[in-house]
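Below, each chain spelled out in residue letters.
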Amino acid sequence: MDMEIHKYNKFSESFWEIDFNGTLGFELLCKRIRDGQKSSKDIEDFFKKKSKAESQYGKALRNLARMADGKEESGDLGLGWQELKSQTERAARLHKTSAENHALLAEELARFADNMKTEPKQHEDRVKDKQKMKRTAHSKMTELQRSYLERCREHIQYELQHGAASKSGTVSCKDIEKVRIKSEKCKELMEKADGQYRAAVEALEQIRRAWEADMEEACKVFQRADEARIFLVRDLLWRCTNLDSQLCVDRDQCCENVRDSLERCDVTHDVCDFIQHFMTGNIRPAPIPYENYFSDSRVQNSPNTLPRRRRPKASPIATPPASPLCSSNRAVPQRTDNAAFYSDYSYAYK
């Protein structure tokens with residue numbers, strides 16, 4: 001299969017047609033060139049858009065790294081945080097560089113596309129002009145050929161009539177002469193048509209040869225342009241992929257630097273470092289006991305508290321004799337000693 005494919009590896013040997021005025025092969029070649037130009041334009045736009053995306057992402061990373069705060073973090077963890085911000089800024093620069101390189105790829109492809117438009121277009125126009133001339137000459141040659149064939153048939157017809165009239169004894173000499181004159185006139189017209197037809201064929205052949213030469217040259221130019229386009233676009237796509245690959249390697253190195261910094265972060269060390277710089281002491285405050293306001297110590301020390309005295313014992317009160325007016329033995333209320341009643345406020349509230 002590969003041998004069969006590589007057998008036809010030239011445009012100049014693969015796009016001819018049996019039809020004299022056929023243009024399908026040439027149209028396919030022209031379409032191939034136009035499709036290649038469109039494809040190159042699409043790839044150029046891809047490089048431009050990718051460059052823009054890389055630039056925007058780089059700016060976003062740079063702003064993110066610069067706006068991030070976290071200055072309160074200290075110790076090894078703080079160093080790791082600062083390293084992450086620093087590597088983020090480095091990643092932003094890497095994406096900016098990638099954007100610039102993609103823009104260069106787009107510019108290179110644009111220059112190539114502009115340079116490759118002129119020569120194929122010139123050969124395309126030249127072949128189309130030759131095709132038009134070839135169709136016109138072929139149409140003219142066809143008309144002259146038809147006229148030549150008619151003259152030939154007429155000449156043959158009159159030759160046969162003249163021969164038959166000459167052999168016939170019933171035809172007069174005058175009629176035979178008329179047939180002979182017509183036959184000679186048809187012969188002259190036939191010879192003239194033959195000359196015109198022959199000249200048309202020769203002119204058509206010259207135009208065909210010129211068209212064939214231009215067509216072959218156009219095939220070679222188209223193939224060179226297509227091969228150059230394929231080679232360049234393949235190289236540019238390869239370089240674009242290498243840019244992405246190198247960017248991934250550089251980004252991974254940024255991440256590795258952050259990981260190295262974080263590996264040096266020890267939890268105990270950071271805690272001890274914070275304590276060493278900001279410790280306030282190791283003696284805790286004593287507990288505050290509950291104090292009763294009416295406890296002995298508070299009451300004795302309070303200036304508004306009356307001195308506490310002992311409660312005097314109540315003196316016995318004599319019971320008066322029963323009144324003769326009383327018909328019953330009702331109990332008589334006893335009097336209360338005033339001193340006992342106002343003995344001590346503290347006792348009353350205790």
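It should be emphasised that the depicted structure is a prediction, and the values quoted were computed from it without experimental measurement.

Participant: What is the right way to look at empty space enclosed by the protein in this model?
Facilitator: One way to see where empty space is left: roll a probe the size of a water molecule over the atoms. As enumerated under the stated definition, the model contains one cavity of 30 Å³ or more in all. In terms of lining, the largest cavity is formed by Ile33, Gly36, Gln37, Ser40, Phe112, Ala113, Met116, Pro120, Ala225, Asp226 and Arg229. Taken together, the residues of the lining of the largest cavity sort by class into six nonpolar, three polar and two charged.

Participant: Sorry if this is basic, but what is going on with helix α5 (residues 267–278) here?
Facilitator: Two residues of an α-helix separated by three or four positions point the same way, owing to the 3.6 residues in each turn. End to end, α5 covers 17 Å across twelve residues, agreeing with the expected 16 Å (1.5 Å per residue, within 8%). Here α5 starts with a cap whose side-chain oxygen sits 3.2 Å from the backbone nitrogen of Thr268, and that cap is Asp266.

Participant: What am I meant to see in the packing of aromatic side chains here?
Facilitator: How two aromatic rings sit relative to each other is set out by the distance from centre to centre and by the angle between their planes. With the rule as written, the count across this model stands at seven aromatic pairs. Judged by centre distance (5.4 Å) and plane angle (15°), the rings of Tyr148 and Tyr197 are stacked. Of the two residues, Tyr148 is situated in helix α3 (residues 75–167) and Tyr197 in helix α4 (residues 173–263); the sequence distance between them amounts to 49 residues. This pair shows no difference in class: Tyr148 is buried, exactly as Tyr197 is. Lys134 extends its terminal NZ or CZ atom over the ring of Phe20, reaching a point 4.7 Å from the ring centre. The cationic tip of Lys134 hangs over the ring face of Trp211; the distance from NZ or CZ to the ring centre is 4.3 Å.

Participant: Would you explain the nonpolar core in this entry?
Facilitator: The nonpolar side chains of a soluble globular protein tend to be buried with one another. Of all hydrophobic cores here, the largest spans twelve residues; its members are Phe11, Phe26, Leu29, Cys30, Ile33, Val127, Trp211, Met215, Ala218, Cys219, Phe222 and Ala225. The set of elements that each furnish at least two residues to this core consists of α2 (24–67) and α4. Discounting chain neighbours no more than four positions away, the residues touching Phe222 are Phe11, Phe26, Leu29, Cys30, Ile33, Pro120 and Glu124.

Participant: Quick question: what am I supposed to make of the environment of Asp125 here?
Facilitator: By the secondary structure assignment, Asp125 is in helix α3. Assessed through its relative accessible area of 32%, Asp125 is described here as partly exposed.

Participant: How should I be thinking about the side chain of Thr23 in this particular structure?
Facilitator: By the element assignment, Thr23 lies in the loop between α1 (2–7) and α2. Residue class for Thr23 comes out buried when judged on its relative accessible area of 18%. Apart from the residues lying within four places of it in its own chain, the contact partners of Thr23 are Glu17, Gln131 and Arg135.

What counts as what
Residues numbered from 1 in each chain as written. Predicted model: local features only at pLDDT ≥ 70, side-chain atom pairs only at ≥ 80, totals over all residues. Heavy atoms only, no water. 1 Å grid on protein atoms, 1.4 Å probe; cavity = no way out; pocket = protein on both sides within 12 Å on 5 of 7 lines; lining within 4 Å. Points joined across faces, edges and corners; volume = space filled by probe spheres on them. Nonpolar A, V, L, I, M, F, W, Y, C, P; charged D, E, K, R; others polar. Helix = DSSP H or I, 4+ residues; strand = E, 2+ residues; numbered from the N terminus. Expected span 1.5 Å × (residues − 1). Polar contact = N/O pair within 3.5 Å; in protein donor to acceptor, adjacent residues only side chain to side chain. Phe/Tyr/Trp six-rings, centres within 6.5 Å; stacked < 30°, edge-to-face > 60°. Buried < 20%, exposed > 50% of the residue type's maximum accessible area, 1.4 Å probe, protein only. Lys NZ or Arg CZ within 6 Å of the ring centre and 35° of its normal. Core = buried A, V, L, I, M, F, W, Y, C linked by side-chain atoms within 4.5 Å. Contact = heavy atoms within 4.5 Å.

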